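An overview of the molecular structure
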Protein chains: 2
Amino acid sequence: MKRILSILLAVVVSGVSAVAQQRPPAISSPDVHPDHSITFRYFSRTAKQVTVSGEFLKAPVAMTKDTSGIWSVTVPPVKPDIYPYSFSVDSVQIADPSNTYIFANERFRRSIVDVPGDGPLVHSLQNVPHGKVGYRYYKSGTLGTTRQLLVYTPPGFNPNGKTKYPVLYLIHGGSDTEETWTKVGRANLIADNLIAQGKAKPMLIVMPYGNVRPAPMPDFTKDMVNDIVPFVEANYPVLKESNGRAVAGFSVGGGQTLNIGLTNPDMFAYVCSYAPYTATDEFRRNFTDWSPDAGKLNRQLKLFTISVGTEDFLFESVKQNIAMFQDKKLAVKPYIVPGGHTWMNCKQYLATTLQEIFR
Amino acid sequence: MKRILSILLAVVVSGVSAVAQQRPPAISSPDVHPDHSITFRYFSRTAKQVTVSGEFLKAPVAMTKDTSGIWSVTVPPVKPDIYPYSFSVDSVQIADPSNTYIFANERFRRSIVDVPGDGPLVHSLQNVPHGKVGYRYYKSGTLGTTRQLLVYTPPGFNPNGKTKYPVLYLIHGGSDTEETWTKVGRANLIADNLIAQGKAKPMLIVMPYGNVRPAPMPDFTKDMVNDIVPFVEANYPVLKESNGRAVAGFSVGGGQTLNIGLTNPDMFAYVCSYAPYTATDEFRRNFTDWSPDAGKLNRQLKLFTISVGTEDFLFESVKQNIAMFQDKKLAVKPYIVPGGHTWMNCKQYLATTLQEIFR
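Being a predicted model, the structure only gives us computed values, none of them experimental. (Residues numbered from 1 in each chain as written. Chains lettered and ligands numbered in written order. Predicted model: local features only at pLDDT ≥ 70, side-chain atom pairs only at ≥ 80, totals over all residues. Heavy atoms only, no water.)

1. A few points about the side chain of Thr305(A)
Looking at the element boundaries, Thr305(A) is found in strand β16 (residues 303-309). For Thr305(A), a relative accessible area of 1% translates into the label buried. (Helix = DSSP H or I, 4+ residues; strand = E, 2+ residues; numbered from the N terminus. Buried < 20%, exposed > 50% of the residue type's maximum accessible area, 1.4 Å probe, protein only.)

2. Thoughts on the domain arrangement of chain A
Often the size quoted for an interface is simply the accessible area lost on bringing the parts together. Residue and element names in this part refer to chain A. Assigned domains within chain A: domain 1 (25-114) and domain 2 (132-356). Distance between the C-alpha centres of domain 1 and domain 2: 32 Å. The interface is formed by 15 residues belonging to domain 1 together with 17 residues belonging to domain 2. Interface area for domain 1 against domain 2, summed over the two sides, is near 1200 Å², with a carbon-plus-sulfur share of 49%. It is Ile-82, Ala-104 and Glu-106 that lose the most area in domain 1 upon contact with domain 2, and together they represent 42% of the buried surface on that side. On the surface where domain 1 and domain 2 come into contact, there are 3 salt bridges. (Domains from an automatic or database assignment. Contact = heavy atoms within 4.5 Å. Buried area = accessible area lost by both parts, 1.4 Å probe. Salt bridge = Lys/Arg side-chain N within 4 Å of Asp/Glu carboxyl O.)

3. Regarding unusual backbone geometry
Residue Pro30(A) is reached from Ser29(A) by a cis peptide bond, and omega for that bond is -5 degrees. Relative to the helices and strands, Pro30(A) is located in the loop between α2 (17-22) and β1 (31-32). Residue Arg186(A) is not a glycine yet carries a positive backbone phi of 50 degrees. Along the chain, Arg186(A) turns up in the loop between α3 (180-183) and α4 (187-196). Phi is positive for Ser91(B), which is not a glycine, with a value near 75 degrees. Position of Ser91(B) relative to the elements: it lies in the loop between β7 (82-89) and β8 (92-94).

4. Some details on the sheet that holds strand β2 (residues 38-43) of chain A
Residue and element names in this part refer to chain A. Strand order in this open sheet of 4 strands is β1-β2-β6-β5, and the pairing throughout is antiparallel. The open sheet is flanked by β1 and β5 (64-65), the only strands paired with a single partner. When β2 meets strand β6 (residues 70-75), the two strands line up antiparallel, connected through 6 bridges. In the strand pairing of β6, Thr-39 is matched with Thr-74. (Pairing = 2+ DSSP bridges.)

5. Quick look at the UniProt feature "domain: Glycoside hydrolase family 13 N-terminal" (unreviewed entry) in chain A
Under the local residue numbering, the UniProt record ascribes the feature "domain: Glycoside hydrolase family 13 N-terminal" (unreviewed entry) to residues 34-90 of chain A. Each end of residues 34-90 of chain A is marked by a C-alpha atom, and these two atoms are 31 Å apart; helix forms 0% of the span and strand 51%. (UniProt positions renumbered as here; feature names shortened; annotations may be inferred.)

6. Quick look at helix α10 (residues 343-356) of chain B
Residue and element names in this part refer to chain B. Along its 14 residues, α10 runs 20 Å from first to last C-alpha, staying within 8% of the 20 Å computed at 1.5 Å per residue. Counting buried positions along α10 yields 10 of 14 residues, so the element is predominantly enclosed. Those residues of α10 that fall on the buried side of the exposure criterion are Trp-343, Met-344, Asn-345, Cys-346, Lys-347, Tyr-349, Leu-350, Ala-351, Thr-353 and Leu-354. Here α10 starts with a cap whose side-chain oxygen sits 3.3 Å from the backbone nitrogen of Met-344, and that cap is Thr-342. (Expected span 1.5 Å × (residues − 1). Polar contact = N/O pair within 3.5 Å; in protein donor to acceptor, adjacent residues only side chain to side chain.)

Here it is in structure tokens:
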């Protein structure tokens, strides 16, 4: 196939020989080596400075140019995981143009490098039964538009069977998209693997698009409660009680999770917030001067967790959130782990949640 | 939300003020104007020449730089459609870094611009019932691996109902991916719209990944016949006879379509090839010195079409293919239309096919 494509390209290019002469060399980037070191490459004859930044690096690393205009650098072995990275070309951040694996995001320009482990990781494609991910449109009365969401259904799912499934509503971070939890977070493969091992209950995972524009954040709470949940419950055989509903989310989505979950404890018995960003009007309005009936709320919430990494730039803020909820006598379960405000951490947060909900 | 994200970003960036000072300005690209003209923008202080190429342009158009380092150009109004485009920065082709809408492809670096019509187009998101697109894994015994494919199921689809649906197997072009037919070709929305208008029968559309590496092209025919079709027929309520199966594809996938369809007329009664690339060993082996029983084959094939645009770089080659099949007395139906080797044409080819198959 590669040969065929080369011929095809040659045919295309043959008519434009001036272009062909300028055509950049074919380069491979990133190259992940067996020892988990990685080589990055970028082509430019005119750039003055090219660096690579990645969540496996403490600081950007300079690439060096060879005589043909190919910039490259090999970074030392990294812990197997999926990492976002980007290049800076004369101070402009870009995704790696040689890598088709793009981070699904509306603001950042990043690529993804998948460093496989010596054995399977919790997010690896393994030889287990696979669920499927459906791309659906739903009408949002709240937002007055038709929007897309993703629905993971587990292996053996029968839409017309007698089994009623629980549902996890899983929200991405700010500027991410409805695809980030599958394309970067591998939520579907994590669920496949944990279900196969008997560590997670078969469940649906609904991944909506949380960026509500131009309306502010509270409208997404309404969209979730009034549009997304009713859409899912009208179209899938699911449990329609709070014990069958969980809500989780990361960063801005972690803040949305707290707002959605704690203001609707009759709807969601499981509230799992990952490194929440809470400096929002909605959060202040909901939780400043809030005097919940802690006894009642603790009975309604079967699980209330807040996860954060000690290197997360929101660590101090999240610790304050946890202390605030503890002051109000809520049975919040903190998960303080190593790591930063990253999707590597996110995958671990999700893997933990999937093993704890709907039990 | 945008404000919240700005705050969030500001927090992130505040720790790295040197970076913040170099941070490029926020730019918007592409901007589609009400008159269907489009402004493209790119930021670089150091680039010497930036051009935009797109399938709405006869030749690349130079962008000009303002004093802040923002390059831009506005192109005159274009016919409403979805167009691939790219920038050339000092002769290096890149996708538009300000546009998150990336062409799903493993070789080209292109972005997509969607120029809406004054009324809905055949590929527009309209207020009609929507099918869904499922991402599935299947095991390929042929290729010895687990691969992904996409399955469109129509509105009202009931996986356990008595209705058995016909299936269109739809193959992307060389270096495209299994997502290109939905993300660039909008196959799901075209089907939604034509089904809603009663112009297409409700059907499944299966979009596999046709790039078989390192094995050569014939292995994809085996994968289709021995793995993909059996997987679909084991997992969906579909017709299991040739009258319920169609195969179509574009470019390299158009060549695969001819190889798969014409060598398996007992399996596929509908064979629709779009601008096929046929300069392959497999095609030569299958059709050089080929003496089909034309009467029998014409009875087996309820529809055999080959579509091509008069500006397609494969136009002469495709005309020769058509003449070759006509010489063999096959009832091939040629569709010669304006346009090039493009996904704009592809969408039209598919819209035509959907109205003709399974009738």
